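Analysis of the macromolecular model
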Amino acid sequence: MPKTWETLGGILNKEVLDAIKSLNFPFMTPVQAAAIPQLLNKKDVAAEAVTGSGKTLAFLIPVLDILKKRELEEKWHKHQIGAIVISPTRELALQTKLVLDQLLENVTNLKEILFVGGNSVEEDVKNFKDVGGNIVICTPGRLEDLLSRRQDINLPTAVKNLEVLILDEADRLLDLGFQKSLDIILSYLPRQRRTGLFSATQTKEIQDLIRAGLRNPVLVSVSAKAQQSTPDLLQNYYILAKNDGKLGALLSFLQQRQVKKAICFLPTCACVDYWSKVFPHIMPKDINLPILAIHGKMKNKRKSILENFKTKEKALLLCTDVMARGIDIPEVDWVLQWDPPASASSFVHRVGRTARQGQTGSAIIILLDNEECYVNFIETNQRVKLNRIDDVSSRGHELPLGALAASYGLLQLPKMPELKNRDLSDFPTVDNFDINNVPYRDKTREAIRLKKLNEYKHTGIWPNKKTKFIKKSTEAWSTAKRCKEARKEKRLKRKQAKETSKAEGKGKGKKRKGISEEDMEELKKDIALFKKFKKKKISNEEYEKAMGLL
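The text that follows walks through the structure, step by step, so that each part is easy to find. Note that the coordinates shown come from a computational prediction; the quantities given were computed from them, not determined experimentally.

Quick notes on helix H2 (residues 30-40)
Along H2, the positions that sit buried rather than exposed are Val31, Gln32, Ala35, Ile36, Leu39 and Leu40. The arc enclosing the buried residues of H2, seen along the axis, measures out at 125 degrees, which places them on a common side. If you follow the buried residues of H2, they end up packed against strand E1 (45-48), helix H3 (55-70) and strand E6 (194-199). Once H2 ends, the next one or two residues include Lys42, with phi positive near 65 degrees.

So this is what it looks like as structure tokens:
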């Protein structure tokens, strides 16, 4: 039987308890029931729980209660920081701030302040000086900057009375390379504090952080013995698509399932930009889903885009893994994955953007014919069972690169060694198409391109930044390797000859300067031969024969 918040009535501050009731969450989740009493009893806590399990309230409630009880001894003034919550991304930090703002409507004499990227450091400094803040919600990079900044703000003095430090999504903090920033931040904070570390997964790096930042922590895990690592109300599916039919499979799925609000994860920022421009032109009208896009390279736009998505009743948000952690949008009914993520744990975090706070939700990943083994892998590695909802009878054994390139809208295949001796007959050719007639949208880049194109037409070679010219034709990798080995072998023979000559006494007397005349002549011949080959005056076979490679 789930515990109600009234069970903490004798422990929690009355204002804090009233604030909880205003949220209309009558029951505590398992992680809340396990972690909150430990933090209130002055224990450090390392908590592991599946995504969407209510970790935000599990640390915000103790933070407010601890600060209110401290207020009985001495009232907090506006420049005293009593608690810090560190989040891996600005989206997650902003979301935590919104939850805290709701709670603070019923809690007096405490203020929060947000320190994240997207605005200037000077703005944060001015905001703290003018308004202050007792609870700091931040990203690690910005907090490190402010703590190290002494000329116009003295944040180290403001944190000397710190009561609570919370590391939210701690595993993600380490994945994003914030270990050094965290070490610097911890060096500024008082040791006599309570620390809460909340994470969806436990890794070796997390264990190291626990040992470094927590004192005799209580370990709370509500997922270690679970049969699955995703919420109970989440249904996970997969669909097998032809190698050149992934786009069609996705559009058909959106049409048949009448998806209302969905998040679609794509592998890179470039993919998000590309498909956000393509989808509005190819999506069937009866789907009627506005397309939004967000990724990590969008600095100042991310906040407004996310807010726009939250307010829409129907929309498809294309994004990277910047949206995979902690973002809480209860109305999302589907999570779509274009490709399997780079790490298995990211799969769990992605699908956790739906079926949150007791709501139902569904997730689907689109796999290629030869990727069906991923289904067994994710079930074994992450305890996530995927149900197949589409029947594809044929099974591919080798990835058809031509068809795959066509599915990404390529107009011509790239020149690369991996495509050598491969069957590319499934790549559709476009008649009478000249890629040189495709302009850049940016006028400056287009002017540079036209200038280079004009030079190429006159000289037959394409200008390049690093060198004045680069020949259109390039030397085969295998030929270059053989030439390198031949030169290496010649150098070795010359070295051995010199050592033999010295041993026989021929090297005695005055020390020679430079290389011998014989070696110089041989080097000149090699260079002349190589120049003939590059100018196509001799064939590849003639060159290799002259170099002794055949």
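Notes on the pairing of E1
Side chains of E1 alternate between two faces, with Val45 and Ala47 and Ala46 and Glu48 buried alike. Taken together, the four bridges between E1 and E6 define a ladder with parallel strand orientation. In the sheet register, Glu48 faces E6, and the bridge partner there is Ser199. Strand direction decides the pairing type here: E1 and strand E7 (residues 218-221), joined by four bridges, are parallel. Counted as the bridge partner of Val45 is Val218 from E7.

Overview of empty space enclosed by the protein
Here the structure, examined in full by the defined rule, presents one cavity of 30 Å³ or more. Of the voids in this model, the largest cavity is the one considered here, and its volume is about 30 Å³. In terms of lining, the largest cavity is formed by Ile86, Leu165, Leu167, Leu182, Ile185 and Leu186. Listed by contribution, the elements that provide at least two residues to the lining of the largest cavity are strand E5 (164-168) and helix H9 (179-188).

Notes on the packing of aromatic side chains
In the structure shown here, the tally under the stated rule is ten aromatic pairs. Ring geometry for Tyr374 versus Phe377: centroids 5.7 Å apart, planes at 40 degrees, classification tilted. Residue Tyr374 and its partner Phe377 are both found in helix H15 (residues 373-382); the two are separated by three residues, about one turn of the helix. Members of the aromatic cluster, joined through ring pairs, are Tyr274, Trp275, Phe279 and Trp338. The ring of Trp76 carries the charged tip of Arg70 above its face, separated from the ring centre by 4.9 Å. Between the NZ or CZ atom of Lys261 and the centre of the ring of Phe309, over which it lies, the distance is 5.1 Å.

Quick notes on the pattern of salt bridges
All told, the structure shown has 21 salt bridges when counted by the stated rule. Residue Asp152 is joined to Arg149 by a salt bridge in which the shortest nitrogen-to-oxygen separation is 2.9 Å. When salt bridges with common partners are traced through the structure, they connect Glu15, Lys68 and Glu71 into a single cluster.

Comments concerning the sheet that holds strand E14 (residues 387-388)
Read from one edge of the open sheet, seven strands run E10-E11-E9-E12-E13-E8-E14, paired in parallel fashion. The strands lining the two open edges of the sheet, one partner per strand, are strand E10 (291-294) and E14. As defined by bridge partners, strand E9 (residues 261-265) adjoins strand E12 (residues 334-337) across four bridges and the pair is classed as parallel. Considered in E12, the bridge of Ala262 is made with Trp334.

Rules of the game
Residues numbered from 1 in each chain as written. Predicted model: local features only at pLDDT ≥ 70, side-chain atom pairs only at ≥ 80, totals over all residues. Heavy atoms only, no water. Buried < 20%, exposed > 50% of the residue type's maximum accessible area, 1.4 Å probe, protein only. Helix = DSSP H or I, 4+ residues; strand = E, 2+ residues; numbered from the N terminus. Arc of directions from axis to C-beta. Contact = heavy atoms within 4.5 Å. Pairing = 2+ DSSP bridges. 1 Å grid on protein atoms, 1.4 Å probe; cavity = no way out; pocket = protein on both sides within 12 Å on 5 of 7 lines; lining within 4 Å. Points joined across faces, edges and corners; volume = space filled by probe spheres on them. Phe/Tyr/Trp six-rings, centres within 6.5 Å; stacked < 30°, edge-to-face > 60°. Lys NZ or Arg CZ within 6 Å of the ring centre and 35° of its normal. Salt bridge = Lys/Arg side-chain N within 4 Å of Asp/Glu carboxyl O.

Interpretation note: all reported values are geometric properties and have no functional meaning in isolation.
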